[in-house]
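Chains, contacts and geometry: an overview
Here is what each chain is made of, one letter per residue.
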Amino acid sequence: RAKETGRDHYAFFTERMDAEIRDKLAIQAQLRGAIARDEFEVHYQPQMCLRTGELLGAEALLRWDNPVLGKVPPNRFIPLAEEYGMVTAIGEWVLESVCAQIKLWHDEGLGDIKVAVNLSAGQFGHDNTVAFVEATLRRFGVAPANLGLEITEGTVMGDPDKAVAALKCLKDIGVSISLDDFGTGYSSLGYLKRFPIDVLKIDKSFVDDVTTNANDAAIALSVISLAHNLNLRVIAEGVETRAQVDFLAERGCDEMQGYYFSRPLAAPAFTALLRQPRKLFDQ
Ligand code: C2E
Ligand code: MG
Ligand code: MG
Ligand code: MG
């Protein structure tokens, strides 16, 4: 009996593994033509000033809607795109589409909005990243100050020296750099010392229970003072409640981003937001 149970378990696991592999292969197959079929779309999540309630900018978040697979979340397909060597092409598509959008907003007189784009590991292994960013800004007529880049420890881990050099070049031309998901990876403090960072993003996992859990509150507070002592700005991600807004604002957090204010929006909805007065919520 024990043997049979063991075999059932084994069958169950291999079935699960088969399903996982099939799933990955299906994503790989569909990813291949996704740019050509125009299946990607960038959404924009507002970033708000906690002191004034004003809209400061947005984070660009990629969306993929595929006719066979439906909507696939970026947490699922980005790591696979990295694995399959497709992430540079996707990352370049995102950067171009964001720059085109920034230019449209600028030309419409909606102001110079700063948009932060997530970079992935594969993109940094690429020698051309800096040249591509520069060329894209120039091609679309976008000022470097209107572009931010978000990195994680994972983005730069593969070749930290190369990443430091690339980020210094980007910072020199005026692009700002945020360290995303701060506190969740390894050796965050070492990265702070070596990398030319402008903004720290407090990870959502510390924000979730910040008003009820003493440890999360202590971590959030420490990150805020750490950032300010290093002359960095600090932004909290995944803010969902008014209590979190108040807590973070009282403790000097500079910016916030989260469902409390808005989910990531398709470009037309974000444009509508830009047409309103900039002060969008009351402190
Ligand atoms: P991230 O950069 O940390 O982005 C924040 C994620 O939290 C986004 O998920 C956003 O929609 C979500 N979020 C924001 N506020 C809230 C909130 O109040 N509550 C909850 N529950 N979630 C919130 P999303 O869009 O699914 O993206 C997931 C991750 O995928 C991103 O994490 C980023 O690492 C990656 N990603 C997204 N777009 C791109 C891209 O264009 N390039 C690269 N390389 N990675 C991307
Ligand atoms: Mg991010
Ligand atoms: Mg993040
Ligand atoms: Mg995160």
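Residues numbered from 1 in each chain as written. Chains lettered and ligands numbered in written order. Predicted model: local features only at pLDDT ≥ 70, side-chain atom pairs only at ≥ 80, totals over all residues. Heavy atoms only, no water.

Some words on the coordination of the magnesium ion (ligand 3)
- Around the magnesium ion (ligand 3), the protein contributes the donor atoms Asp-180 (OD), Asp-181 (OD) and Glu-237 (OE), which lie 2.0 to 2.5 Å from the metal centre.
- Of note, the donors binding the magnesium ion (ligand 3) are all from one chain and are spaced D-D-x55-E.
- Separating the magnesium ion (ligand 3) from the magnesium ion (ligand 2) is a distance of 3.7 Å, and Asp-180 supplies a donor atom to each of them. Here Asp-181 is found in strand S6 (residues 176–182), whereas its partner Glu-237 is found in strand S8 (residues 233–237), with 56 residues between them in sequence. (Donors = N, O, S within 2.8 Å, 3.2 Å for Na, K, Ca; no water. Helix = DSSP H or I, 4+ residues; strand = E, 2+ residues; numbered from the N terminus.)

Looking at the site of ligand 1
- Arg-63, Asn-118, Asp-180, Glu-240 and Tyr-259 are the nearest of the 23 residues found near ligand 1.
- Asn-75 has a polar side-chain atom sitting 3.4 Å from an oxygen atom of ligand 1.
- Counting atoms within 2 Å of the grid points, the majority share of ligand 1 lands in the largest pocket.
- Secondary structure elements with two or more residues in the shell around ligand 1: strand S2 (55–66), helix H2 (74–83) and S6.
- When residues of the shell around ligand 1 are assigned to their parent elements, the largest contribution, four residues, is made by S2. (Near = heavy atom within 4 Å. Polar contact = N/O pair within 3.5 Å; in protein donor to acceptor, adjacent residues only side chain to side chain. 1 Å grid on protein atoms, 1.4 Å probe; cavity = no way out; pocket = protein on both sides within 12 Å on 5 of 7 lines; lining within 4 Å. Sits in = over half its atoms within 2 Å of the grid points.)

Regarding the confidence of the model for the chain
- Mean pLDDT over the chain works out to 91, with 94% of the residues at or above the 70 mark.
- As scored by the predictor, the complex reaches a pTM of 0.93 and an ipTM of 0.98. (pLDDT = per-residue confidence, 0-100.)

A short note on the coordination of the magnesium ion (ligand 2)
- Protein ligation of the magnesium ion (ligand 2) involves Glu-59 (OE), Asn-118 (OD1), Glu-150 (OE) and Asp-180 (OD), the donor distances falling in the range 2.0 to 2.2 Å.
- Within one chain, the residues donating to the magnesium ion (ligand 2) are spaced in sequence as E-x58-N-x31-E-x29-D.
- A relative accessible area of 4% places Glu-59 in the buried class.
- On the basis of relative accessible area, Asp-180 is assigned to the buried category, the value being 7%. (Buried < 20%, exposed > 50% of the residue type's maximum accessible area, 1.4 Å probe, protein only.)

Side note on a nonpolar patch on the surface
- Nonpolar side chains collect at one region of the surface, where Met-17, Ile-21 and Leu-25 lie side by side and expose about 300 Å² of accessible area between them.
- Inspection of the secondary structure puts Leu-25 in helix H1 (residues 2–32).
- Leu-25 sits in the partly exposed class, given a relative accessible area of 49%. (Patch = residues over 30% accessible without salt bridge, like charges linked within 9 Å, V, L, I, M, F, W, Y side chains within 5 Å. Areas by Shrake-Rupley, 256 points an atom, 1.4 Å probe, with all protein chains shown as cover. Salt bridge = Lys/Arg side-chain N within 4 Å of Asp/Glu carboxyl O.)

Here we look at the layout of surface pockets
- When its volume is computed, the largest pocket comes out at roughly 1400 Å³.
- Along the walls of the largest pocket sit 47 residues, with Glu-59, Leu-61, Pro-74, Asn-75 and Asn-118 positioned nearest its centre.
- The leading source of residues in the lining of the largest pocket is S2, at seven residues.
- Each residue belonging to the lining of the largest pocket can be placed in one class, and the counts come to 18 nonpolar, 15 polar and 14 charged.
- There is about 210 Å³ of room inside the second largest pocket. (Points joined across faces, edges and corners; volume = space filled by probe spheres on them. Nonpolar A, V, L, I, M, F, W, Y, C, P; charged D, E, K, R; others polar.)

Examining the packing of aromatic side chains
- Applying the stated criterion to the full structure yields eight aromatic pairs.
- Plain terms: the ring middles of Tyr-44 and Trp-105 are 5.1 Å apart, the flat faces sit at 75° to each other, and that makes the pair edge-to-face. Of this pair, Tyr-44 sits in strand S1 (residues 40–49) while Trp-105 sits in helix H3 (residues 87–107), and the two are 61 residues apart along the sequence.
- With a relative accessible area of 2%, Tyr-44 lands in the buried category.
- Taking the centre distance of 5.3 Å and the plane angle of 75° together, the rings of Trp-64 and Phe-77 count as edge-to-face. Placement of the pair is Trp-64 in strand S2 and Phe-77 in helix H2, with a sequence separation of 13 residues.
- Aromatic ring contacts, followed pair by pair, group Phe-40, Trp-64, Phe-77 and Trp-93 into a single cluster.
- The lysine or arginine in question, Arg-251, covers the ring of Phe-247, its NZ or CZ lying 3.6 Å from the ring centre. (Phe/Tyr/Trp six-rings, centres within 6.5 Å; stacked < 30°, edge-to-face > 60°. Lys NZ or Arg CZ within 6 Å of the ring centre and 35° of its normal.)

Looking at the state of the cysteines
- This model, assessed by the stated rule, comprises zero disulfides.
- Free of any disulfide, Cys-169 has its nearest cysteine sulfur in Cys-99, 18 Å distant.
- Taking the relative accessible area as the measure of exposure, Cys-169 reaches 38% and is therefore partly exposed. (Disulfide = S-S within 2.5 Å.)

Quick look at empty space enclosed by the protein
- Under the counting rule described, the total for this entry stands at one cavity of 30 Å³ or more.
- Estimated volume of the largest cavity: approximately 100 Å³.
- Along its surface, the largest cavity is lined by twelve residues, and Glu-92, Gln-123, Thr-129, Phe-132 and Val-133 are the ones closest to its centre.
- Secondary-structure elements contributing two or more residues to the lining of the largest cavity are H3 and helix H5 (129–140).
- It is H3 that provides the largest number of residues to the lining of the largest cavity, a total of four residues.

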